[in-house]
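Residue-level structural notes
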Amino acid sequence: MSSTVTTRFAPSPTGTLHVGNIRTALHNWLLAKKSGGRFLLRIDDTDGARSREEHVEAIRDDLAWLGLHPEREERQSARFAIYEAAFETLVAAGRLYRCYETAQELELKRKVLLGRGLPPIYDRSALTLSETDHAAKAAAGEAPHWRFLLDHDAPIKWVDGIRGPQHFDPRQMSDPVVRRADGSWLYMLPSVIDDIAMGVTDVLRGEDHVSNTATQVQMFIALGAPVPRFAHEALLTGAEGKLSKRLGSLGVAELRESGIEPEALIALLARLGTSDPVDADLEADALAASFDLGRFGRAPARFDDAELARVNAAVIHRLPFAHVRVRLPEGMGEAAWEAIRPNLSKVAEAADWWRVVTGPVAAPAFDAETRAYLDQAAVAAATLDWDIDPWSALTAALKDATGRKGKALFLPLRQALTGMDHGPDMKALLPLIGKDEAVRRLG
Ligand code: GLU
């Protein structure tokens, strides 16, 4: 095994990436990054019928948007010759064998075993077939599917990076089918062949793969390769238990359209499942430095979109102008971004606040007394030196002149100037509105 930490994210392009996949991709990226290693993208597209090119493109775009740049991209569909060679090796070594049972026959066997209170393990009856039997099957046009022969005398063990020591008894497991009768591959063996060929040192994936790992450990050994480190993460659930349809199906594109920043997803998903606090101030490099599989628990991690919204707002409140410039309305500059940013939960809302700056704004109907106060404010504003902090100067002057304070002093001004009861700091907003416009709105 090469000593450079090498991880891979291996999606099947049969759909778009959702939050759970993003988390797996991110954790593999962080794990590699932490050690100055390599992060690979492997497109698991052996299933030609279900794999779609548009999904491959979406996966690439999503990873790019998240800033998770793979060092290399590999596609399983381009590697069939390599699988064939490894297949021949395993056949020659007697580790793959031909079977002919139909799905119905297998189901019947399962039922019989379960009925007797026995585990539904494949009985290996195909191993008793002779070459004459195989020839007869072939003559009858029956093509075999292939199973991997587990070594019953080699107990399976690994120390999982998250789950700790794992033990499996191969006698309690069915020999997995690795290739269908039509010659197509199931996921299991090509993945091992690729992990070996690509020097993958760390396989980090969801705990739904634990039992696959048990058989794959023997495949690495059968192919004469070192077994990589494995870690299996608890699955993601929603705030109320199971990951809801909505959350579970939230694709990167939808998250992006709903105003979620990649930095927010990264800050949240890097820590979700650990007891470490989610910190919106940490950038990817810092998250990588502190990334530690040992911090992840075995309990399902809860994904909560309210938490994502909170982290998203915190991220936006620190985003520099240069980062968002192209997404801001024409004319909105750095000072405006900095004034408005603390009020945003999505960058797109900046346009609403920018309209408040550029006007026109619709102020509420004021009573006579407030109207008189605002007229006085308009006169004061017109005579102000606008260059240094006009808001402090204006409110100080009005406080002296009218004796108003607190809400009575500030709120009518805000309402007349912005048409709103709340919003960005007036101290930052007023210079952006400008003197003439401010005088007009007050008067
Ligand atoms: N294509 C497999 C999946 O999406 C990859 C699993 C693995 O990481 O090995 O589940």
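Residues numbered from 1 in each chain as written. Predicted model: local features only at pLDDT ≥ 70, side-chain atom pairs only at ≥ 80, totals over all residues. Heavy atoms only, no water.

- Taking an unreviewed UniProt entry as the reference, the protein chain is identified by name as Glutamate--tRNA ligase belonging to Novosphingobium fuchskuhlense.
- According to the UniProt record, the Sequence similarities (unreviewed entry) comment for the protein chain reads "Belongs to the class-I aminoacyl-tRNA synthetase family. Glutamate--tRNA ligase type 1 subfamily."
- On record in UniProt, under Subcellular location (unreviewed entry), the comment for the protein chain is "Cytoplasm". (UniProt positions renumbered as here; feature names shortened; annotations may be inferred.)

Regarding the environment of D175
- Along the chain, the position of D175 falls in the loop between strand 7 (164-168) and strand 8 (177-179).
- Residue D175 is classed as buried on the basis of its relative accessible area, which comes to 1%.
- The sequence separation of D175 and Y122 amounts to 53 residues, and the corresponding C-alpha distance is 6.8 Å.
- Discounting residues that sit within four places of it in the chain, D175 has contacts with Y97, R124, R147, F148, L149 and L150.
- Here the side chain of D175 touches R124 through a polar contact of 2.7 Å, side chain to side chain. (Helix = DSSP H or I, 4+ residues; strand = E, 2+ residues; numbered from the N terminus. Buried < 20%, exposed > 50% of the residue type's maximum accessible area, 1.4 Å probe, protein only. Contact = heavy atoms within 4.5 Å. Polar contact = N/O pair within 3.5 Å; in protein donor to acceptor, adjacent residues only side chain to side chain.)

Here's the deal with helix 15 (residues 350-358)
- Those residues of helix 15 not exposed but buried are A350, W353, W354, V356 and V357. Projected down its long axis, helix 15 shows its buried positions confined to an angular sector of 150 degrees, all on one face.
- Tucked into the core, helix 15 has its buried residues touching helix 14 (334-340), helix 18 (406-418), helix 19 (426-433) and helix 20 (435-442).
- Looking one or two places after helix 15, you find G359, whose phi comes out positive at around 75 degrees. (Arc of directions from axis to C-beta.)

What to know about the site of the ligand
- Close to the ligand lie R8, A10, S12, D44, Y187, S191, R205 and H209.
- D44 places a side-chain nitrogen or oxygen 2.6 Å from a nitrogen atom of the ligand.
- When the free accessible area of the ligand is taken as 300 Å², the share hidden by the protein chains comes to 78%.
- Its residues assigned to classes, the shell around the ligand comprises two nonpolar, three polar and three charged. (Near = heavy atom within 4 Å. Areas by Shrake-Rupley, 256 points an atom, 1.4 Å probe, with all protein chains shown as cover. Nonpolar A, V, L, I, M, F, W, Y, C, P; charged D, E, K, R; others polar.)

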